[in-house]
Every structure is written in C-alpha cells, then in structure tokens.
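One letter stands for each residue in the lines below.
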Amino acid sequence: MLKLDWNLLFTVINLLILVGAMWYFLFKPVRKILEARQAEADRENALAKAKTAEAEAVKARYEKCLSDTEEERRQIIAKARKQADEEYKKIVNNARSTAKRIEADATEDAARSKARIVADAEQEIADMIAIATEKNVGERRGAGYEDALYEQFLNEVAKDEAVSEPEKAEGETE
Amino acid sequence: MDQLSEIINEELEVKEVFRIPIFGGIPVSESVVVTWIIMAVLILCAFLLTRNMTLHNISKRQALAEWIVTKLSGLVEGMVGERGKAFVPYLCTVMLYVGIANISGIFGFKAPTKDLNVTAALALMSIVLVEAAGIYYLGVRKWLHKFTEPIAVVTPINILEVFTRPLSLCMRLFGNVVGAFVIMELIKTITRNILLPAVFCLYFDLFDGLLQAYVFVFLTSLYIREEIE
Amino acid sequence: MNTTLIAIGAGIAVLSALGAGIGIGIATGKAAEAIARQPEADGKINKALILGCALAEATAIYGFVIAFLIIIMLK
C-alpha cells in the first residue's frame, strides 16, 4: 500500500478519462439544456417586453384618437352652433324685414283706402250737396221738408261710416 | 491482537489483480480495478440521467441531473472563484470520484483511496493543474515572479510549497481513509454487538469520507484561486 | 527491545494529535461564541467550523500516518 508504481500512472489516466467522460455525458448536456432554457427565457422576456411596448403604442394611439374625436366633436358643435346662430339671425332678419314690408304694405293700403274713402266721402258729400241743393232748389216748400232732408243726410253718413270702419281695421291687422 | 493486525495488514495490502503482459508484466492493482468500477458506475449514471433531455416537461431523471450539476457547480464555483470557472467540471468530477471512492468500503469494495498510488495521483494532478493554471492565466514571467512574493526571502519556502502542498493533500486523504478504516476495525474487534460499529461507521466512513472529498476539492480550488488571482 | 523502541516511536508520533485537539477545541469554542453573538449566521459558522476541524484534524492524521509507517516499515 505504500509503494508507488505503475498504478499511479494508471490512476492518472483513469482520472483523465473519467473527467472527459463526465464532461461529455453529464456537464456538457446539462449545461446545454440550462443555457437553452436561459436563452428561451430571455427570448420570451424580450418578446413580452416588445408586446408590452406595442400595447403601450396602441393605447397611446387610441388615446390620441379619443382626444382627436373630442376635438372634432367640439369643432362640429361649435360649427353647428355658429351655423344655427347665423340661420337664426337670417330667419329673424327675414321675418323682421317681412314684417316691416307687411307693415309698410298695410300702412300704404290703409292710407290708400283712407284716401279712397275720403275721396268717396267727398264725392258723396259733394253728390249729396248737389242732390240737397237740387232738392232744396226744386222743393223749397214747407219747413218739414228741410227736417226730412237733414234726417236723410245723417242716416246716409252713419251708414257710410259703418261700412268704412271695419275695412280700415281689417287692413291694420294684416 | 495478532488476529487484528493480520486483518488490518491483509486489508491494507493492495493486491495485484493481474499483470499486463508487456515490458515483462505490469501489475494492475486492486485499486485501479475498483477505480474502473467506480468510473463505470459514474459514467453509466451520467449517461442514464442525461438521456433524452428536453427543454420542457422534464422528467425526474433530468431534474436530478440538473440538480446535481447545478448544486455541485455552485458549490465548487463558490470555492474556486469567478476566474477559475474552467476548472469547475474537473473539480466536480474529482469530488464525485473521491467521495464515492471513500465510501465504497460500505459496498464491500476495498476503497481505492486506501492505496497511496491513487491519492498521490490525485495530489499530483492537483498541483499540476494549479501550476498550469498559474502559467496559463498569468504568463510564465508573472508566474515565476509569484514565487518571490511577498518578499524575495520567502522564495525557497514558496518553491518548497510546490512539493509540500501535494504531499499534504495526498497524505491527508490517505491518512484519513486509513485511519478511519483502522479505527473501524478496532471497534469491530473490541465490541461484539453490531450497533456501535454501525453508529461509528456513519461518522468515519460516510461523513468523514464525504468531508475529506470536500476538503480535497476545497484545498485544490483554494490553491488554484490563490494562483490565478 | 527492538519492538519496544518501535512502539515508543509510534507513540511519540501520535502525540501530534495534541495539536489537533487544542486546535479543534479553540475552533469550536470560538464558533460557539460566534453563534452566541450572531445566532442567525450559524449555518455559515457551522460550515467554516467543520472545514476548519477537518483541516486541523490533518495534523493528527499526519501523526497517525507516521506512526503507522514506523510500525509497518520497521517491523
């Protein structure tokens, strides 16, 4: 047990073979597997990171889109409001001018009909005066006749006025 | 007492198993044959454990192989340091071999580490590895310069260390195994019951055997680390 | 006569166990102190202690080996 001989060399060779075999059969394959797993984990990690970044980008785009839509909505509303305002003003102006025109028309109408009525009345008064004068001249007999004449004249005036009054009111309401 | 010394002598004597019929016959001792058996067992285990390895859905075999490799590598790497990573497989293999060789007495073999040839070979390989690592990592000039550190006076001691280190490695392992064996034989002889030897066997054969394997690798990696850093 | 001298020599060689005993005793005492001071570090302390004991034991082992050699060689 205490002498050194050839067996020392054998043991060295044995050990070298054992180290090589263990490297080939145990350490190399296991390390390969571990490294492959590590690489896969790294890859998956990178992939997950990329996915996250992508999702972030999509989210940012969506948010931008949302804010854009909001802006657009606001613009549309503002535009619509402006348009409506304009429309409203236009309509109101229209209506106002129409009313003015109608009023003017009505005033003109009323003035014309008044003038006509006045002219008519003057004509009639003139006619009546003519008739009265004719009658006065023709039948200057008895006091009773004059009274009857006055009566007749007043009646006629009253009738005229009753006719011309509603005509005038109608023209104003239009 | 005569009987005891006879047993011890017989057990410690390394028998010649056969002769290789060249150069007038080279004797092959029992320790080499047991080493072959241990090698065969280790390689077979490694081969069976790492067969059909997959990336996913690993089997129990693969899990065991990965566990062994990761744990052993982590343990040795902690001792040899980051720079000595290249030596990890060698040191792991030596640890496995010495550990199994030390406890092979339990399985009825004659432990190869009881043969001075085996421990001397291990120590020789260790010191060659240490110096080779020094030359490889530092270059010849720096490696030579390291002998004069920290001061030039200690150069003889440093050179002497190249020889005392493997000697101490070799003798420590050998002495521990032989000592444990002799003590176990003594206990077996003086006690008649089975319980006491069983308890001491746990300490001397199993614990001490594995501890010496660890110490051997620890010292080797310490020398390597010291040399390359 | 011869055998007696061999036995005496072997016995003297084994005296180196003294150093190992003292060393392991000191190491264990210090480890106990360290654990008392820092109970949470007992794993590391235990590891260092066992390693140190194994290394200190080596001197006793050397003595044993020398004694053994004396007996075997000079018998």
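Residues numbered from 1 in each chain as written. Chains lettered and ligands numbered in written order. Predicted model: local features only at pLDDT ≥ 70, side-chain atom pairs only at ≥ 80, totals over all residues. Heavy atoms only, no water.

1. Re the overall build of chain B
Of regular secondary structure, chain B possesses eight helices and two strands. Taken from N to C terminus, the helices and strands of chain B fall in the order α-β-β-α-α-α-α-α-α-α. If you line up chain B on its principal axes, its C-alpha atoms span 60 × 55 × 45 Å. A buried classification covers 51% of the 229 residues belonging to chain B. When contacts within chain B are restricted to residue pairs at least 6 apart in sequence, long-range pairs at least 24 apart make up 64% of them. Of the accessible surface of chain B, which amounts to about 11,600 Å², a share of 70% is contributed by carbon and sulfur atoms. (Helix = DSSP H or I, 4+ residues; strand = E, 2+ residues; numbered from the N terminus. Buried < 20%, exposed > 50% of the residue type's maximum accessible area, 1.4 Å probe, protein only. Contact = heavy atoms within 4.5 Å. Areas by Shrake-Rupley, 256 points an atom, 1.4 Å probe, with all protein chains shown as cover.)

2. Things to note about helix α8 (residues 195-228) of chain B
Taking 1.5 Å per residue, 34 residues should reach 50 Å; α8 of chain B reaches 48 Å between its end C-alpha atoms and fits that length. Along α8 of chain B, the helix axis deviates most sharply at Cys 201 of chain B, where the bend reaches about 35°. (Expected span 1.5 Å × (residues − 1). Bend = angle between axes of the 7 residues up to and from the residue.)

3. Thoughts on the interface of chain A and chain B
Listed by partner, the interface residues are 31 residues for chain A and 45 residues for chain B. Of the roughly 3,600 Å² buried at the junction of chain A and chain B (both faces included), carbon and sulfur atoms supply 78%. Where chain A packs against chain B, one counts one salt bridge. When the shortest N-O distance is used, the salt bridge between Glu 66 of chain B and Arg 37 of chain A registers 3.1 Å. (Buried area = accessible area lost by both parts, 1.4 Å probe. Salt bridge = Lys/Arg side-chain N within 4 Å of Asp/Glu carboxyl O.)

4. A word on the environment of Ala 110 of chain A
Inspection of the secondary structure puts Ala 110 of chain A in helix α1 (residues 6-138). Separated by 55 residues in sequence, Ala 110 of chain A and Ala 55 of chain A have C-alpha atoms that sit 79 Å apart.

5. Describing the packing of aromatic side chains
In this description, a pair of aromatic rings is defined by centroid distance and the angle of the planes. Residues and elements named next belong to chain B. Evaluated as defined, the whole model comprises ten aromatic pairs over all chains. Measuring from ring centre to ring centre gives 5.5 Å for Trp 143 and Phe 147, while their planes differ by 75°; the resulting arrangement is edge-to-face. A residue is classified by how much of its surface remains accessible, and Trp 143, at 16% relative accessible area, is buried. For Phe 147, a relative accessible area of 16% corresponds to the buried category. Aromatic side chains Tyr 214 and Phe 218 sit 6.3 Å apart centroid to centroid with 20° between the ring planes, which places their arrangement in the stacked category. One end of the pair is Tyr 214 and the other is Phe 218, both in helix α8 and four residues apart, which spans about a single turn. For Tyr 214, a relative accessible area of 17% translates into the label buried. You can call Phe 218 buried: its relative accessible area is 16%. Site record: aromatic cluster; members linked through ring pairs are Phe 200, Tyr 203, Phe 204 and Phe 207. One Lys or Arg, Lys 114, reaches over the ring of Phe 181 and ends 3.8 Å from the middle of that ring. Arg 165 extends its terminal NZ or CZ atom over the ring of Tyr 223, reaching a point 4.2 Å from the ring centre. (Phe/Tyr/Trp six-rings, centres within 6.5 Å; stacked < 30°, edge-to-face > 60°. Lys NZ or Arg CZ within 6 Å of the ring centre and 35° of its normal.)

6. Concerning the confidence of the model for chain B
Per-residue pLDDT for chain B has a mean of 85; in total, 97% of the residues score no lower than 70. For this predicted complex, the interface confidence reaches an ipTM of 0.86, while the overall pTM sits at 0.71. (pLDDT = per-residue confidence, 0-100.)

7. A closer look at the interface of chain B and chain C
Across the boundary between the two partners, chain B contributes 20 residues, which contact 14 residues of chain C. Interface area for chain B against chain C, summed over the two sides, is near 1,400 Å², with a carbon-plus-sulfur share of 74%. Between the two partners, chain B and chain C, sit zero salt bridges. For the pair chain B and chain C, the number of links is one residue pair in polar contact (both at pLDDT 80 or more). Among the secondary structure elements, those contributing two or more residues to the side of chain B that touches chain C are α1 (2-12), α7 (155-190) and α8 of chain B. For the side of chain B that touches chain C, the leading source of residues is α8 of chain B, giving nine residues. Each residue belonging to the side of chain B that touches chain C can be placed in one class, and the counts come to twelve nonpolar, six polar and two charged. (Polar contact = N/O pair within 3.5 Å; in protein donor to acceptor, adjacent residues only side chain to side chain. Nonpolar A, V, L, I, M, F, W, Y, C, P; charged D, E, K, R; others polar.)

8. What to know about the nonpolar core
Of all hydrophobic cores here, the largest spans 74 residues; its most connected members are Val 76, Tyr 97, Leu 122 and Ile 224 of chain B. Beyond its immediate chain neighbours, meaning those up to four positions away, Tyr 97 of chain B contacts Leu 15 and Leu 18 of chain A together with Thr 35, Ile 38, Leu 42, Pro 112, Val 118 and Leu 122 of chain B. (Core = buried A, V, L, I, M, F, W, Y, C linked by side-chain atoms within 4.5 Å.)

9. Some remarks on the side chain of Asp 208 of chain B
Here Asp 208 of chain B shows up in helix α8. If we skip the residues at most four places from it in the chain, Asp 208 of chain B touches Asn 176, Ala 180 and Tyr 203 of chain B together with Glu 57 of chain C.

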